[in-house]
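The primary structure of each chain is shown beneath.
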Amino acid sequence: MRILLVSIIHSYKYGNTGVDYIAHYIRQSCKTASVDIKYYHHFETWETIINDLHTHDRYDIYGFSIFETNYVLSKKIAEYLKRTQSCLVVFGGQFVTMNYREIVSDAPMVDYFILGDGEAPMLRIIHSYGNKTIQNDENIAAMHDIEDKKENVEQDINRKASFDYYTQDTAEANIQKTHCMMTKSNVCTGACTFCCSRKGRVVYKDPERIVEEIFYLATTFGVRKFFICDDDLFDIDGDENRERLMVLFEKIEQLNFNLAFSGFAKPKAICNPKNYEVLQKMNKIGFHHLFLGIDAGNEWDRKLYNKRATLEEGKRALQLLDDIGISPRYGMIFFNPYSTLDSLRQSYQYLIELHSTNYYHYGGLRVQVLNGTKLKTMLQQDHLLDREYSFLNTQAYRFKDPSIQPIADFMADTFIPAADAVTYQFNTLKRKFELVRHMNKAAETYAPLVHEYGEREFEAIKKFFYYLYVQQDVMYCQNHMNDFITSMKRNAEVYKPIIRKLDEMFISTPLKK
C-alpha cells in the first residue's frame, strides 16, 4: 500500500510537525505501508502541484494537512485526484477538527476527516483500506457520520517524528529553516474568549528526548533555529515547571552549540520574580525572542478577550524581557465588533507607550470569530454576525459602532496590503539582528544603527496613526499614505545590505561555541 502525505504551507521556514509525526508512526507501526511526504511550501499553484503529483506513481491514500490558508486549494486537488484515479482522500488538522461539521458537507470529495492527533486514526484508515468503510469511529468523521465525535489525543508524549523536510533538501536551505517542537502536551491553560485551542491535562516530554532531537537536527542537517511552540513555556507557573525548564535548559547549554531559540509565554509568568533565573538561563542558551499574547490595548478589549494579565503587566513583561536580553514580541488584536473610537484611541496610546515600531500592531489584525468560542456565542446573541459569516469567512461581522467600519476598511483594504508589499522592512532588520546577536558577538556592531533606525520608524508610525486614531481623520491618512509607503521603500534600501551582512554572519557562525 502506498500513502502520500501532503503539506501545503505558505512559509518555507517551517516544516509540518503533524505530518512528520504521522509519517514516523505509520512507518513504525505498519511495515506493509510505504509512506511518502510532499512539501509544497513555496506558494506553489494548483497547476504546479498537480503536475508534480503526475511525475510520481499513484497512491492508494492521500492525506492532507489542512489549514485555513490551504483548505480551498487542498479541496481542489482532492477533487482532481478523486476524478482521475481510485484512491482515498483524508483531511486532518486543527482547522478540520474545529470545523468538521461544516467541512464534511462542503468537501464531499473527501472520504474521511480525522479529528485531533492523526497517528492512530490514520493507521485505522490504512487497516480498513479495501475491506470495509469506517463508521462510528469517534475520531473519524465522514459524510453521514458526524455524530458522537471527539478529538484523538495521542498518549505517547515522547513520540518521534520523521525528518523528511530536511532529508529532501540541501544543507544550505536547512540552515535557514526553523524547527518546530514542543516540550509538553498540546494543550492550552488559558481562557481567551476568541480561542479554540485544546484544553486538558499538561504532560511534559522527557528533557533527554528534546535535547536528543536538537542535537540530531543540528549535527545532521545544520538546523540552528528552534521554535518551542508550546502554548506557554510557563503554562503551570509553579516550582515543578521551573525545575523542569532549568533541567532542560542546562542540558541544552551542555551541548555548547551556537543555536537560536524562540517560544511563547504569558505576561503574568514573565512578571513573576521566581521565573527570573529561568529567563536568564534562556537568554544564555540562545533564546532570541519570546512572543507574548498581549492582544489588548485597552480595558474594554482586555475584558472582552478575557486576558488575565493587566495592561500594566503587559508593559512590565516586555520591559523585563528587554532588560534580560530576550527580545519581546507580541500580538495586538486591534479591531473587534465592539470597538469604539475611544477604544481605538486607547489602543494607539498603549502601543505608543510600548514604543512599537511594528506598523502591523496598529490595526493590521482584527479578531477572528471561530467555531466553539465564547466570542462567537456573544456575537450570535447580539446579532452582529453577517449572513456571509462562515468557517471560511470568520471576520464577516458588523461593528456595533458603525463609525469604526471606514477605519477598519482603510487598514484592511488599503494600508496593510501596500505596507506588506515592501520588502526589507525595519522589522525584518530588527528581527534578523535580534537573532544573530545571540549567536555571533560581531552582530553587536549594528546595535547603534538598529536603535537609530528604530527611533526613526517609531516617529513616522506615531505621526501617521495619530491622524487615524486620535484625530480620526481617515481622509488625511488616505491622502498621505503614499508618502508613508515611499518612505518605507527608501528605508528598505538602507536596511537591505545590513540584513544581508547579518545573514552572512548567521551562516558563517560555527556550530560549536
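Here is a short report on the structure shown in this document. Because the structure is a prediction, the values reported are computed rather than measured. (Residues numbered from 1 in each chain as written. Predicted model: local features only at pLDDT ≥ 70, side-chain atom pairs only at ≥ 80, totals over all residues. Heavy atoms only, no water.)

Of all 5 residues making up strand 3 (residues 61-65), 5 are buried, and the element is well covered by its neighbours. By the bridge criterion, 5 bridges tie strand 1 (residues 2-8) to strand 3 in an arrangement that is parallel. In the sheet register, Leu5 faces strand 3, and the bridge partner there is Gly63. Pairing between strand 3 and strand 4 (residues 88-92): 5 bridges, direction parallel. Looking at strand 4, one finds that Tyr62 is bridged to Val89. Considered for its hand, the β-α-β crossover made up of strand 3, helix 3 (residues 71-84) and strand 4 is right-handed. (Buried < 20%, exposed > 50% of the residue type's maximum accessible area, 1.4 Å probe, protein only. Helix = DSSP H or I, 4+ residues; strand = E, 2+ residues; numbered from the N terminus. Pairing = 2+ DSSP bridges. Right-handed = clockwise from strand over helix to strand, strands pointing away.)

Another aspect to go through is the side chain of Arg224. The topology assignment puts Arg224 in the loop between helix 8 (207-221) and strand 8 (225-228). The side chain of Arg224 is buried and forms no salt bridge, while Asp503, the nearest opposite charge, is found at 11 Å. Ignoring any residue separated from it by four or fewer positions in sequence, one finds Arg224 in contact with Ile175, Asn258, Leu259, Ala260, Met439, Phe506, Thr509, Pro510 and Leu511. (Lys, Arg positive; Asp, Glu negative; His and termini not counted. Salt bridge = Lys/Arg side-chain N within 4 Å of Asp/Glu carboxyl O. Contact = heavy atoms within 4.5 Å.)

Take the environment of Gly293 next. Mapped onto the fold, Gly293 is located in strand 10 (residues 287-295). Under the relative-accessibility criterion, Gly293 is labelled partly exposed at 26%. Excluding residues that lie within four positions of it along the chain, Gly293 makes contacts with Ala265 and Lys307.

What follows is about unusual backbone geometry. Residue Phe43 is not a glycine yet carries a positive backbone phi of 60°. Turning to its location among the elements, Phe43 is positioned in the loop between strand 2 (34-40) and helix 2 (46-54). In this model, Asn306 sits at a positive phi of 60°, which is unusual for a non-glycine residue. Inspection of the secondary structure puts Asn306 in the loop between helix 12 (299-305) and helix 13 (311-324).

On to empty space enclosed by the protein, then. Rolled over the atoms, a probe with the dimensions of a water molecule shows which regions are left empty. By the definition in use, this model includes 5 cavities of 30 Å³ or more. Quantified by volume, the largest cavity comes out at close to 100 Å³. Lining the largest cavity are 13 residues, and of these Tyr359, Gln425, Phe426, Glu457 and Met488 sit closest to its centre. Elements supplying a minimum of two residues to the lining of the largest cavity: helix 17 (426-436), helix 18 (447-469) and helix 19 (474-508). With 4 residues, helix 19 is the single largest residue contributor to the lining of the largest cavity. Looking at the lining of the largest cavity residue by residue, the class counts come to 7 nonpolar, 5 polar and 1 charged. (1 Å grid on protein atoms, 1.4 Å probe; cavity = no way out; pocket = protein on both sides within 12 Å on 5 of 7 lines; lining within 4 Å. Points joined across faces, edges and corners; volume = space filled by probe spheres on them. Nonpolar A, V, L, I, M, F, W, Y, C, P; charged D, E, K, R; others polar.)

Turning our attention to the sheet that holds strand 11 (residues 327-332). Overall, parallel pairing links the 5 strands, which are arranged 7-8-9-10-11 in an open sheet. Of all the strands in the sheet, just strand 7 (178-181) and strand 11 have a single pairing partner and so form its edges. Across the sheet, the mean angle separating the axes of adjacent strands is 20° when strand polarity is ignored. Of the pairings in the sheet, the one linking strand 9 (residues 260-265) to strand 10 comprises 5 bridges and is parallel in character. Counted as the bridge partner of Phe264 is Phe291 from strand 10. The sheet contacts of helix 13 involve strand 10 and strand 11, and relative to strand 10 the element is tilted by about 175°. (Axes fitted to C-alpha atoms, helices over the stretch in contact; angles between N-to-C directions.)

Let us now look at the layout of surface pockets. Counted as a void, the second largest pocket has a volume near 790 Å³. Forming the walls of the second largest pocket are 28 residues, and the residues nearest its centre are Asp322, Pro328, His355, Lys430 and Glu434. Residue assignment for the lining of the second largest pocket shows that the elements contributing at least two residues are helix 13, strand 11, helix 14 (341-354), helix 17 and helix 18. Of all the elements, helix 17 adds the most residues to the lining of the second largest pocket, at 6 residues. Here the lining of the second largest pocket is built from residues that sort into 8 nonpolar, 11 polar and 9 charged.

So, on to the nonpolar core. The biggest cluster of nonpolar side chains holds 91 residues, and the ones touching the most others in it are Phe415, Phe465 and Tyr469. What Tyr469 contacts, discounting residues up to four positions off in sequence, is Phe334, Phe335, Leu341, Leu344, Arg345, Tyr348, Tyr362, Gly363, Ile407 and Met411. (Core = buried A, V, L, I, M, F, W, Y, C linked by side-chain atoms within 4.5 Å.)

Counting across every chain of the model gives 34 salt bridges. A salt bridge links Arg2 to Asp36; the shortest N-O distance between them is 3.4 Å. One end of the pair, Arg2, is in strand 1; the other, Asp36, is in strand 2, and 34 residues separate them in sequence. Taking relative accessible area as the criterion, Arg2 reaches 26% and is therefore assigned partly exposed. Each of Glu250, Glu253, Lys281 and Lys284 takes part in salt bridges that share partners, so that together they form one network.

Moving on, we come to helix 1 (residues 17-29). Helical geometry note: an α-helix holds 3.6 residues per turn, so side chains three or four residues apart project in the same direction. Here helix 1 spans 18 Å end to end across 13 residues, near enough to the 18 Å set by a 1.5 Å rise per residue. Turning to helix 1, its buried residues are Val19, Asp20, Tyr21, Ile22, Ala23 and Ile26. On its buried face, helix 1 is in contact with strand 1, strand 2, strand 3 and helix 5 (119-128). (Expected span 1.5 Å × (residues − 1).)

Moving on, we get to the packing of helix 9 (residues 239-255) against helix 11 (residues 276-285). For the pair helix 9 and helix 11, interaxial distance at closest approach is 10 Å and the crossing angle is 20°. Between helix 9 and helix 11, the angle is such that the two are roughly parallel. For the pair helix 9 and helix 11, the crossing hand works out as left-handed. On helix 11, the residues that touch Arg242, Leu245, Met246, Phe249, Glu250, Ile252 and Glu253 of helix 9 are Glu277, Val278, Lys281, Met282, Lys284 and Ile285. Among the residues forming the contact of helix 9 with helix 11, the class breakdown is 7 nonpolar, no polar and 6 charged. (Parallel < 35°, antiparallel > 145°, perpendicular 65-115°, else oblique. Left-handed = near helix turned anticlockwise from the far one by under 90°.)

Below, the discussion takes up the environment of Gly200. Within the secondary structure layout, Gly200 lies in the loop between strand 7 and helix 8. Taking the C-alpha atoms as reference, Gly200 lies 7.7 Å from Thr189; in sequence the two are 11 residues apart.

With 5 of 7 residues buried, strand 2 is to be regarded as a mostly interior element. As paired strands, strand 1 and strand 2 are joined by 7 bridges and run parallel to one another. Its bridge partner being in strand 2, Ile3 is matched across the sheet by Val35.

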